[in-house]
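Per-entry structural report
Spelled out, the chains give:
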Amino acid sequence: MNSNSKPILEVNGVSKSFGGVEALREGSLNLFPGEVLAIVGANGAGKSTLIKIIAGVLTPDRGHISIRGTKITRQDHSVGFIRQMGVEVVYQDLAIVPNMTAPYNLFLGRIPKKFGIFVDVKQMQAKTREVLAELKVETVQSLKRPISEMSGGQQQSIAIGRAIAWGKEIVILDEPTAALGPNETQQVERVINEIRKRNTATILISHNLDQVFRLADRLVVVHQGHTSKEFLRNEVTIDELVKAITTG
Ligand SMILES: Nc1ncnc2c1ncn2[C@@H]1O[C@H](COP(=O)(O)OP(=O)(O)O)[C@@H](O)[C@H]1O
Ligand SMILES: [Mg+2]
(Lines give C-alpha, C1' and ligand atoms only; values in the text may rest on other atoms or scores of the structure.)
(Ligands and ions follow the chains in the order given, each with its own letter.)
Protein backbone atom coordinates (compact mmCIF):
# COMPACT_ATOMS: atom_id res chain seq x y z
CA MET A 1 0.00 0.00 0.00
CA ASN A 2 1.22 3.46 -0.83
CA SER A 3 0.60 5.63 2.21
CA ASN A 4 0.33 8.72 -0.01
CA SER A 5 -2.49 7.24 -2.02
CA LYS A 6 -6.08 8.28 -1.58
CA PRO A 7 -8.61 5.68 -0.51
CA ILE A 8 -10.28 4.01 -3.47
CA LEU A 9 -13.25 3.16 -1.24
CA GLU A 10 -14.57 5.00 1.79
CA VAL A 11 -17.34 3.77 4.05
CA ASN A 12 -18.71 6.62 6.13
CA GLY A 13 -20.91 5.93 9.12
CA VAL A 14 -23.21 3.36 7.56
CA SER A 15 -26.01 1.95 9.69
CA LYS A 16 -28.57 -0.71 8.92
CA SER A 17 -31.42 -2.14 10.96
CA PHE A 18 -33.58 -5.15 10.31
CA GLY A 19 -36.83 -4.70 12.22
CA GLY A 20 -35.66 -3.91 15.72
CA VAL A 21 -32.13 -5.25 15.25
CA GLU A 22 -29.38 -2.77 14.48
CA ALA A 23 -27.09 -5.04 12.47
CA LEU A 24 -24.66 -2.23 11.68
CA ARG A 25 -24.09 0.98 13.62
CA GLU A 26 -21.96 3.72 12.11
CA GLY A 27 -19.59 1.41 10.29
CA SER A 28 -16.63 3.19 8.73
CA LEU A 29 -13.49 2.17 6.91
CA ASN A 30 -11.09 3.21 4.17
CA LEU A 31 -9.63 0.92 1.55
CA PHE A 32 -6.46 1.80 -0.37
CA PRO A 33 -5.17 0.56 -3.74
CA GLY A 34 -2.86 -2.42 -3.46
CA GLU A 35 -3.81 -3.45 0.05
CA VAL A 36 -5.57 -6.46 1.48
CA LEU A 37 -7.91 -5.31 4.23
CA ALA A 38 -9.34 -8.06 6.42
CA ILE A 39 -12.70 -7.68 8.09
CA VAL A 40 -12.92 -9.84 11.18
CA GLY A 41 -15.55 -10.29 13.86
CA ALA A 42 -17.62 -12.85 15.74
CA ASN A 43 -20.68 -14.49 14.23
CA GLY A 44 -23.48 -11.98 14.00
CA ALA A 45 -21.12 -9.00 14.43
CA GLY A 46 -22.30 -7.39 11.19
CA LYS A 47 -19.59 -8.33 8.68
CA SER A 48 -21.96 -9.59 6.01
CA THR A 49 -24.24 -6.59 6.42
CA LEU A 50 -21.25 -4.29 5.94
CA ILE A 51 -20.12 -6.18 2.82
CA LYS A 52 -23.62 -6.22 1.37
CA ILE A 53 -23.80 -2.45 1.76
CA ILE A 54 -20.43 -2.03 0.03
CA ALA A 55 -21.57 -4.32 -2.78
CA GLY A 56 -24.88 -2.48 -3.15
CA VAL A 57 -27.01 -5.47 -2.15
CA LEU A 58 -28.30 -3.47 0.83
CA THR A 59 -28.90 0.27 1.02
CA PRO A 60 -27.76 1.86 4.28
CA ASP A 61 -30.35 3.54 6.53
CA ARG A 62 -27.77 6.21 7.30
CA GLY A 63 -24.28 6.99 6.01
CA HIS A 64 -22.87 6.39 2.56
CA ILE A 65 -19.95 4.94 0.65
CA SER A 66 -17.64 6.77 -1.76
CA ILE A 67 -15.70 5.19 -4.60
CA ARG A 68 -12.67 7.10 -5.94
CA GLY A 69 -13.94 10.13 -4.07
CA THR A 70 -17.42 9.96 -5.60
CA LYS A 71 -20.18 9.76 -3.03
CA ILE A 72 -22.74 7.10 -3.93
CA THR A 73 -26.13 8.65 -3.41
CA ARG A 74 -29.09 6.72 -2.07
CA GLN A 75 -30.67 6.60 -5.56
CA ASP A 76 -27.48 5.17 -7.07
CA HIS A 77 -26.83 2.68 -4.29
CA SER A 78 -27.42 -0.56 -6.22
CA VAL A 79 -25.45 -3.66 -7.23
CA GLY A 80 -25.45 -2.59 -10.87
CA PHE A 81 -24.13 0.90 -10.26
CA ILE A 82 -21.52 -0.16 -7.74
CA ARG A 83 -20.28 -2.93 -10.06
CA GLN A 84 -20.00 -0.36 -12.79
CA MET A 85 -17.84 1.67 -10.42
CA GLY A 86 -15.42 -1.26 -10.28
CA VAL A 87 -16.43 -3.29 -7.23
CA GLU A 88 -16.65 -7.05 -7.69
CA VAL A 89 -17.61 -9.62 -5.06
CA VAL A 90 -16.46 -13.22 -5.04
CA TYR A 91 -18.92 -15.07 -2.86
CA GLN A 92 -18.01 -17.90 -0.56
CA ASP A 93 -19.82 -20.63 -2.44
CA LEU A 94 -17.92 -20.89 -5.69
CA ALA A 95 -19.92 -18.74 -8.05
CA ILE A 96 -19.08 -20.91 -11.02
CA VAL A 97 -21.12 -23.10 -13.33
CA PRO A 98 -19.62 -26.60 -12.86
CA ASN A 99 -20.56 -28.12 -16.21
CA MET A 100 -19.19 -25.23 -18.23
CA THR A 101 -15.55 -24.70 -19.21
CA ALA A 102 -13.19 -22.33 -17.40
CA PRO A 103 -13.33 -19.81 -20.30
CA TYR A 104 -17.13 -19.80 -20.25
CA ASN A 105 -17.04 -19.25 -16.51
CA LEU A 106 -14.56 -16.40 -16.89
CA PHE A 107 -16.78 -14.79 -19.50
CA LEU A 108 -20.11 -15.42 -17.76
CA GLY A 109 -22.45 -12.62 -18.75
CA ARG A 110 -20.05 -11.20 -21.35
CA ILE A 111 -19.56 -13.92 -23.97
CA PRO A 112 -17.82 -12.36 -27.01
CA LYS A 113 -19.52 -12.98 -30.36
CA LYS A 114 -17.76 -13.01 -33.71
CA PHE A 115 -19.76 -11.04 -36.22
CA GLY A 116 -22.40 -10.78 -33.54
CA ILE A 117 -23.37 -14.43 -33.99
CA PHE A 118 -20.69 -17.01 -33.26
CA VAL A 119 -19.22 -17.40 -29.82
CA ASP A 120 -15.53 -16.58 -30.06
CA VAL A 121 -14.14 -19.56 -28.17
CA LYS A 122 -10.53 -18.95 -29.26
CA GLN A 123 -10.59 -15.43 -27.87
CA MET A 124 -12.11 -16.72 -24.63
CA GLN A 125 -9.45 -19.41 -24.26
CA ALA A 126 -6.65 -16.96 -24.96
CA LYS A 127 -7.98 -14.52 -22.38
CA THR A 128 -8.38 -17.34 -19.84
CA ARG A 129 -4.73 -18.39 -20.35
CA GLU A 130 -3.68 -14.79 -19.94
CA VAL A 131 -5.60 -14.40 -16.67
CA LEU A 132 -4.33 -17.73 -15.31
CA ALA A 133 -0.75 -16.78 -16.22
CA GLU A 134 -1.13 -13.40 -14.57
CA LEU A 135 -2.34 -15.09 -11.40
CA LYS A 136 0.39 -17.74 -11.75
CA VAL A 137 -2.17 -20.54 -11.67
CA GLU A 138 -0.91 -23.67 -13.39
CA THR A 139 -3.45 -25.89 -15.06
CA VAL A 140 -2.85 -29.17 -16.76
CA GLN A 141 -6.51 -29.63 -17.58
CA SER A 142 -7.80 -28.76 -21.01
CA LEU A 143 -9.74 -25.52 -21.15
CA LYS A 144 -12.24 -27.45 -23.26
CA ARG A 145 -13.32 -29.60 -20.31
CA PRO A 146 -15.91 -28.71 -17.65
CA ILE A 147 -14.47 -26.57 -14.87
CA SER A 148 -15.67 -29.18 -12.34
CA GLU A 149 -12.65 -31.28 -13.44
CA MET A 150 -10.34 -28.64 -12.00
CA SER A 151 -9.42 -28.57 -8.32
CA GLY A 152 -11.43 -26.37 -5.96
CA GLY A 153 -8.45 -24.02 -5.71
CA GLN A 154 -8.27 -23.63 -9.48
CA GLN A 155 -12.01 -23.05 -9.66
CA GLN A 156 -11.84 -20.39 -6.97
CA SER A 157 -8.86 -18.86 -8.80
CA ILE A 158 -11.03 -18.58 -11.92
CA ALA A 159 -13.75 -16.94 -9.83
CA ILE A 160 -11.20 -14.41 -8.52
CA GLY A 161 -9.78 -14.06 -12.03
CA ARG A 162 -13.24 -13.18 -13.28
CA ALA A 163 -13.39 -10.41 -10.70
CA ILE A 164 -10.14 -8.81 -11.83
CA ALA A 165 -10.10 -9.71 -15.54
CA TRP A 166 -12.26 -6.77 -16.53
CA GLY A 167 -10.27 -4.04 -14.89
CA LYS A 168 -12.08 -4.16 -11.58
CA GLU A 169 -10.00 -2.43 -8.94
CA ILE A 170 -11.91 -3.35 -5.80
CA VAL A 171 -12.49 -7.00 -5.01
CA ILE A 172 -14.39 -8.38 -2.05
CA LEU A 173 -13.56 -11.95 -1.13
CA ASP A 174 -16.09 -13.51 1.20
CA GLU A 175 -14.51 -16.55 2.88
CA PRO A 176 -12.64 -17.47 -0.31
CA THR A 177 -11.12 -20.65 1.09
CA ALA A 178 -13.90 -21.84 3.40
CA ALA A 179 -14.68 -24.79 1.14
CA LEU A 180 -11.08 -25.71 0.29
CA GLY A 181 -8.42 -28.09 1.59
CA PRO A 182 -4.93 -26.95 2.67
CA ASN A 183 -3.18 -27.17 -0.72
CA GLU A 184 -6.01 -25.46 -2.53
CA THR A 185 -6.13 -22.80 0.17
CA GLN A 186 -2.44 -22.16 -0.43
CA GLN A 187 -3.08 -21.73 -4.12
CA VAL A 188 -5.87 -19.22 -3.55
CA GLU A 189 -3.68 -17.33 -1.06
CA ARG A 190 -1.01 -17.07 -3.76
CA VAL A 191 -3.62 -15.64 -6.12
CA ILE A 192 -4.60 -13.05 -3.51
CA ASN A 193 -0.94 -12.03 -3.23
CA GLU A 194 -0.76 -11.74 -7.02
CA ILE A 195 -3.78 -9.46 -7.25
CA ARG A 196 -2.28 -7.27 -4.54
CA LYS A 197 0.80 -6.85 -6.76
CA ARG A 198 -1.34 -5.51 -9.57
CA ASN A 199 -2.62 -2.81 -7.19
CA THR A 200 -6.09 -4.25 -6.74
CA ALA A 201 -7.69 -3.26 -3.44
CA THR A 202 -9.00 -6.35 -1.70
CA ILE A 203 -11.38 -6.80 1.20
CA LEU A 204 -11.01 -10.21 2.75
CA ILE A 205 -13.57 -11.74 5.07
CA SER A 206 -12.15 -14.80 6.76
CA HIS A 207 -12.73 -16.75 9.94
CA ASN A 208 -9.24 -18.12 9.71
CA LEU A 209 -7.10 -15.74 11.74
CA ASP A 210 -3.87 -17.44 10.65
CA GLN A 211 -4.88 -16.75 7.10
CA VAL A 212 -5.77 -13.18 7.96
CA PHE A 213 -2.30 -12.76 9.42
CA ARG A 214 -0.69 -14.28 6.36
CA LEU A 215 -2.54 -12.10 3.88
CA ALA A 216 -3.83 -8.86 5.34
CA ASP A 217 -2.00 -5.54 5.44
CA ARG A 218 -4.63 -4.07 7.73
CA LEU A 219 -7.50 -5.39 9.79
CA VAL A 220 -10.82 -3.90 10.76
CA VAL A 221 -12.68 -5.47 13.67
CA VAL A 222 -16.47 -5.46 13.62
CA HIS A 223 -17.97 -5.85 17.08
CA GLN A 224 -21.71 -5.73 17.79
CA GLY A 225 -22.42 -3.86 14.58
CA HIS A 226 -19.64 -1.32 14.94
CA THR A 227 -16.25 -1.07 13.24
CA SER A 228 -14.66 -0.91 16.65
CA LYS A 229 -10.92 -1.27 15.99
CA GLU A 230 -8.40 -1.07 13.23
CA PHE A 231 -4.89 -2.48 13.20
CA LEU A 232 -1.91 -2.64 10.93
CA ARG A 233 -1.08 -6.29 10.54
CA ASN A 234 2.47 -5.71 11.78
CA GLU A 235 1.32 -3.91 14.88
CA VAL A 236 -1.00 -6.49 16.42
CA THR A 237 -0.68 -9.98 17.85
CA ILE A 238 -3.21 -12.76 17.39
CA ASP A 239 -4.04 -12.50 21.12
CA GLU A 240 -4.80 -8.79 20.85
CA LEU A 241 -6.90 -9.43 17.79
CA VAL A 242 -8.90 -12.19 19.48
CA LYS A 243 -9.50 -9.84 22.43
CA ALA A 244 -10.74 -7.10 20.10
CA ILE A 245 -13.04 -9.56 18.32
CA THR A 246 -14.57 -10.82 21.55
CA THR A 247 -14.74 -7.67 23.66
CA GLY A 248 -14.75 -4.85 21.10
N1 LIG B 1 -31.92 -9.95 6.58
C2 LIG B 1 -31.85 -9.91 7.92
N3 LIG B 1 -32.97 -9.88 8.67
C4 LIG B 1 -32.92 -9.82 10.01
N5 LIG B 1 -31.79 -9.79 10.72
C6 LIG B 1 -30.63 -9.83 10.05
C7 LIG B 1 -30.59 -9.88 8.62
N8 LIG B 1 -29.28 -9.90 8.23
C9 LIG B 1 -28.56 -9.85 9.35
N10 LIG B 1 -29.36 -9.80 10.45
C11 LIG B 1 -28.88 -9.71 11.84
O12 LIG B 1 -27.92 -8.68 11.90
C13 LIG B 1 -26.83 -9.05 12.74
C14 LIG B 1 -25.53 -9.04 11.93
O15 LIG B 1 -25.56 -10.09 10.98
P16 LIG B 1 -24.43 -10.34 9.90
O17 LIG B 1 -24.13 -9.06 9.22
O18 LIG B 1 -24.87 -11.48 9.05
O19 LIG B 1 -23.19 -10.77 10.82
P20 LIG B 1 -21.86 -11.59 10.45
O21 LIG B 1 -21.73 -11.64 8.98
O22 LIG B 1 -20.76 -10.83 11.13
O23 LIG B 1 -22.02 -12.95 11.05
C24 LIG B 1 -27.18 -10.40 13.31
O25 LIG B 1 -27.81 -10.21 14.55
C26 LIG B 1 -28.17 -10.96 12.29
O27 LIG B 1 -29.04 -11.87 12.91
MG1 LIG C 1 -21.61 -13.31 7.69
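Our structure is the block above this text.
A brief look at the structure comes next. (Residues numbered from 1 in each chain as written. Chains lettered and ligands numbered in written order. Predicted model: local features only at pLDDT ≥ 70, side-chain atom pairs only at ≥ 80, totals over all residues.)

Attention now moves to the sheet that holds strand β4 (residues 62-67). Strand order in this open sheet of four strands is β2-β1-β4-β5, and the pairing throughout is antiparallel. The sheet terminates laterally at β2 (21-31) and β5 (70-71), the two strands that pair on one side only. Alignment of strand β1 (residues 9-18) against β4, held across five bridges, turns out to be antiparallel. By the bridge assignment for β4, Val 11 is matched with Ile 65. (Pairing = 2+ DSSP bridges. Helix = DSSP H or I, 4+ residues; strand = E, 2+ residues; numbered from the N terminus.)

This part takes up unusual backbone geometry. Of note in this structure, Glu 26 is not a glycine but carries a positive phi near 55°. As for its position among the elements, Glu 26 is in strand β2. For Glu 26, a count of 14 C-beta atoms within 10 Å corresponds to the partly exposed category. Not every positive phi belongs to a glycine, and Glu 175 is a case in point at roughly 50°. With respect to the element layout, Glu 175 can be found in the loop between β9 (170-174) and α6 (182-197). The exposure class of Glu 175 is partly exposed, given the 19 C-beta atoms found within 10 Å. (Buried ≥ 20, exposed ≤ 12 C-beta atoms within 10 Å, placed from the backbone.)

Here we come to the site of ligand 1. Residues in close proximity to ligand 1 include Phe 18, Val 21, Ala 23, Gly 41, Asn 43, Gly 44, Ala 45, Gly 46, Lys 47, Ser 48 and Thr 49, which together make up its full environment. Counting residues per element, the ones that place at least two in the shell around ligand 1 are β2 and α1 (47-55). Broken down by element, the shell around ligand 1 gets its largest block of residues, three residues, from α1. Of the residues assigned to the shell around ligand 1, the class counts are four nonpolar, six polar and one charged. (Near = placed C-beta within 6 Å. Nonpolar A, V, L, I, M, F, W, Y, C, P; charged D, E, K, R; others polar.)

Time to look at α6. The end-to-end C-alpha separation of α6 is 23 Å, in line with the 22 Å expected for 16 residues at 1.5 Å each. The set of residues buried in α6 consists of Thr 185, Gln 187, Val 188, Val 191, Ile 192 and Ile 195. End-on view of α6: buried residues confined to an arc of 160°, all on one side of the axis. Summarising the geometry of α6, the exposed residues directed more than 90 degrees from the buried face are Pro 182, Asn 183 and Lys 197. Buried positions along α6 lie against β3 (36-40), α5 (152-164), β9, β10 (201-205) and α7 (209-215). (Expected span 1.5 Å × (residues − 1). Arc of directions from axis to C-beta. Contact = placed C-beta atoms within 7 Å.)

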